[in-house]
Amino acid sequence: MNTKIILRNRPNQTVTQDNFECIDADIEPLKYGQVLVLNQWLSLDPYVRGRMSERKSYAPSMELGDVVMGEGIGTVINSQSDQFKAGDKVIGMLGWQTHAVMNAAAIKLIPEAPFSDTWLLGAAGMPGITAWIGMMEICKPQAGETLLITSAAGSVGSIAGQLAKVQGANVVGVAGSEEKCAYVQDVLNFDHCLSYKHSSWPSNLNKHAPNGIDGLFENVGGALFDSLIPQMNPFSRIAICGLIAEGIEEHFHSINLRTLLANRMLIQGFIVSDHVSRWREIQKQLIGLLVEQKIRVHEKITEGIQNAPQTFIDLLEGKCLGKQIIKLS
Ligand SMILES: NC(=O)c1ccc[n+]([C@@H]2O[C@H](COP(=O)([O-])OP(=O)(O)OC[C@H]3O[C@@H](n4cnc5c(N)ncnc54)[C@H](OP(=O)(O)O)[C@@H]3O)[C@@H](O)[C@H]2O)c1
């Protein structure tokens with residue numbers, strides 16, 4: 001029997017438990033070329049919020065009744081494919097469910113790595129690769145420059161900031177609570193971290209980035225992003241990674257084109273899935289940094305598929321620190 005979480009209805013503004021339904025269903029028989037995976041670890045990620053809505057985006061929406069999408073790691077327990085055998089550990093879009101019938105082409109063997117498999121869903125997986133592309137290839141931090149990362153305590157932001165530290169930059173994080181900021185400074189070794197909910201925001205930014213901002217790794221958007229633009233230096237770079245504060249609402253930003261021209265600024269949006277051909281190469285570099293402990297990881301593991309919806313809601317509402325993983329078996 002497969003226990004799965006399906007999309008029951010679409011959220012209006014905020015995501016609620018009512019948008020999901022947990023059901024048991026028979027496992028369909030395998031066709032040639034398919035495998036049955038016993039799912040062990042499920043990654044929760046904010047992009048699922050976008051797929052729950054019908055709004056046109058860079059990827060198609062989920063249909064009502066679909067298993068909620070998500071990347072996972074599991075073990076093949078039955079195979080009708082020449083490429084996989086029972087016992088193989090695989091990674092792919094296994095979904096919010098305990099078992100997944102997958103086409104062989106849609107999964108990969110997990111790479112050898114000297115740490116927990118779950119890191120392949122976080123720092124050494126899609127979120128880490130996202131951080132790498134935005135930070136190393138768009139923000140391009142140089143020693144002595146000031147780099148700012150929003151949602152700095154999150155899965156992507158925590159890695160992006162540590163990559164900038166490895167390059168010798170002065171790294172400033174922005175996060176939603178004093179507790180998150182303490183973690184970002186004390187454990188991740190960012191130079192500073194400021195709470196955007198503190199009464200001194202954004203005036204305290206001038207104190208910790210007195211020479212302006214050379215690179216901005218943007219995870220949030222909305223008014224927070226607008227407040228940072230006047231601080232950007234000549235020849236600064238902005239990587240637009242995510243706009244979590246904007247939900248599905250259109251937010252019109254007040255960027256003055258003259259500011260862009262006068263400062264010769266670069267602003268670039270990017271989507272990690274456009275760079276799939278480079279994932280293994282970037283992943284190797286991330287694994288190296290993790291092994292050398294130049295990047296630290298924080299993950300929260302919650303047990304049971306039935307807890308995926310509430311953990312996902314908590315993630316969107318800023319109640320979580322680091323990478324959110326559901327343990328399934
Ligand atoms: N471009 C790509 O290919 C790509 C790939 C992966 C992820 N992303 C994007 O990257 C961003 C980070 O993803 P993640 O997986 O690392 O998530 P995350 O940062 O671990 O979790 C989301 C965090 O966003 C913050 N947040 C939520 N609402 C906010 C608001 N109104 N204002 C300010 N902060 C808010 C909360 O932290 P606080 O408590 O600090 O507010 C929350 O913990 C997301 O926008 C995601 O969509 C993009």
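Thresholds applied
- Residues numbered from 1 in each chain as written.
- Predicted model: local features only at pLDDT ≥ 70, side-chain atom pairs only at ≥ 80, totals over all residues.
- Helix = DSSP H or I, 4+ residues; strand = E, 2+ residues; numbered from the N terminus.
- Buried ≥ 20, exposed ≤ 12 C-beta atoms within 10 Å, placed from the backbone.
- Pairing = 2+ DSSP bridges.
- Core = buried A, V, L, I, M, F, W, Y, C linked by C-beta atoms within 7 Å.
- Domains from an automatic or database assignment.
- Contact = placed C-beta atoms within 7 Å.
- Near = placed C-beta within 6 Å.
- Nonpolar A, V, L, I, M, F, W, Y, C, P; charged D, E, K, R; others polar.
- Axes fitted to C-alpha atoms, helices over the stretch in contact; angles between N-to-C directions.
- Parallel < 35°, antiparallel > 145°, perpendicular 65-115°, else oblique.
- Left-handed = near helix turned anticlockwise from the far one by under 90°.
- Arc of directions from axis to C-beta.

Undergrad: Just to check I follow, could you spell out unusual backbone geometry for this structure?
TA: Apart from glycine, the bulk of residues carry a negative phi angle, and the bulk of peptide bonds sit in the trans form. Between W201 and the following residue, P202, the backbone shows a cis peptide bond with an omega angle of 0 degrees. On the secondary structure map, P202 appears in the loop between strand 10 (192-195) and helix 5 (203-208). At S151, a position not held by glycine, the phi torsion is positive, near 45 degrees. With respect to the helices and strands, the residue S151 is situated in the loop between strand 8 (146-150) and helix 3 (155-166). Overall, the presence of 27 C-beta atoms within 10 Å leaves S151 in the buried class.

Undergrad: Would you mind going over the pairing of strand 5 (residues 89-92) with me for this structure?
TA: Each regular strand carries side chains that alternate between the two faces of the sheet. Where strand 4 (residues 72-79) lies against strand 5, 4 bridges are found, and the strand directions are antiparallel. Note on strand 5: the bridge partner recorded for G74 is V90.

Undergrad: How do you make sense of the nonpolar core when you look at a structure like this?
TA: Within soluble globular proteins, side chains that are nonpolar tend to cluster in buried spots. Judged by nonpolar contacts, the single largest core of 85 residues is most densely connected at M135, A160, V184 and F217. Ranked by residues supplied to this core, first place goes to helix 2 (residues 126-139) with 8 residues. When residues of this core are assigned to domains, at least three map to each of domain 1 (2-118 + 298-327) and domain 2 (126-273). Not counting residues up to four positions away in its chain, the partners in contact with V184 are A152, A153, G173, A175, F190 and C193.

Undergrad: So what exactly am I meant to see when it comes to the domain arrangement of the protein here?
TA: Size of an interface, as often reported, equals the accessible area lost when the parts are brought together. Examined at the domain level, the protein breaks down into domain 1 (2-118 + 298-327) and domain 2 (126-273). If you average the C-alpha positions of domain 1 and of domain 2, the two centres end up 29 Å apart. In this assembly, 11 residues from domain 1 lie in contact with 13 residues from domain 2.

Undergrad: Got a minute to help me understand the site of the ligand in this structure?
TA: The full set close to the ligand counts 28 residues, and G154, G176, G242, A245 and G318 are the nearest of them. Of all the elements in the fold, those that place two or more residues in the shell around the ligand are helix 2 and helix 3. Among the elements that make up the shell around the ligand, the one with the highest residue count is helix 3 (3 residues). Per-class residue counts for the shell around the ligand are 16 nonpolar, 10 polar and 2 charged. When residues of the shell around the ligand are assigned to domains, at least three fall in each of domain 1 (2-118 + 298-327) and domain 2 (126-273).

Undergrad: When you look at the packing of helix 2 against helix 3 in this model, what are you seeing that I'm missing?
TA: Two elements in contact, helix 2 and helix 3, have axes whose closest approach is 8 Å; the angle formed by their N-to-C orientations is 45 degrees. Compared by their axis directions, helix 2 and helix 3 come out oblique. In the packing of helix 2 onto helix 3, the handedness of the crossing is right-handed. Between helix 2 and helix 3, the residues in contact are P127, G128, T130, A131, W132, G134, M135 and M136 and S155, V156, I159, A160, L163 and A164, respectively.

Undergrad: Can you help me understand the sheet that holds strand 10 in this one?
TA: In any sheet, the strands associate via hydrogen bonds between backbone groups, in a parallel or an antiparallel arrangement. An order of 10-9-8-11-12-13 is seen for the 6 strands of this open sheet, with the pairing classed as parallel. Both outer strands of the open sheet, strand 10 and strand 13 (266-269), are each paired with one neighbouring strand and no more. Mean inter-strand twist for the sheet, computed between neighbouring axes without regard to direction, equals 15 degrees. With 5 bridges joining them, strand 8 and strand 9 (residues 170-175) adopt parallel strand pairing. Across the sheet, T146 pairs through a bridge with N170, a residue of strand 9. Where helix 4 (residues 178-186) meets the sheet, its contacts fall on strand 9 and strand 10, and the angle it forms with strand 10 comes to roughly 170 degrees.

Undergrad: Could you clarify how one ought to interpret helix 9 (residues 308-316) in this entry?
TA: Residues separated by three or four positions in an α-helix point in the same direction, a consequence of the helix having 3.6 residues per turn. Along helix 9, the positions that sit buried rather than exposed are A308, P309, F312 and L315. The arc enclosing the buried residues of helix 9, seen along the axis, measures out at 120 degrees, which places them on a common side. Contact partners of the buried residues in helix 9: strand 1 (2-7), strand 2 (20-25), strand 3 (34-43), helix 1 (47-52) and strand 15 (323-327). Following helix 9 by one or two positions, G318 adopts a phi angle in the positive range, close to 80 degrees.

Undergrad: Where do I start with helix 4 in this structure?
TA: All buried positions along helix 4 are accounted for by K180, C181, Y183 and V184. Down the axis of helix 4, the sector holding all buried residues measures 160 degrees, keeping them to one side. Exposed positions of helix 4 whose direction lies more than 90 degrees from the buried face are E179 and D186. Lining the buried residues of helix 4 we find strand 9 and strand 10.

Undergrad: Whenever I open this one, the environment of A59 confuses me. Can you help?
TA: Looking at the secondary structure, you find A59 in the loop between helix 1 and strand 4. For the pair formed by A59 and S273, sequence separation is 214 residues and the distance between their alpha carbons is 10.0 Å.

Undergrad: Whenever I open this one, the environment of E112 confuses me. Can you help?
TA: Here E112 lies in the loop between strand 7 (107-109) and helix 2. Distance from E112 to G242, taken between C-alpha atoms, is 30 Å for residues 130 residues apart in sequence.

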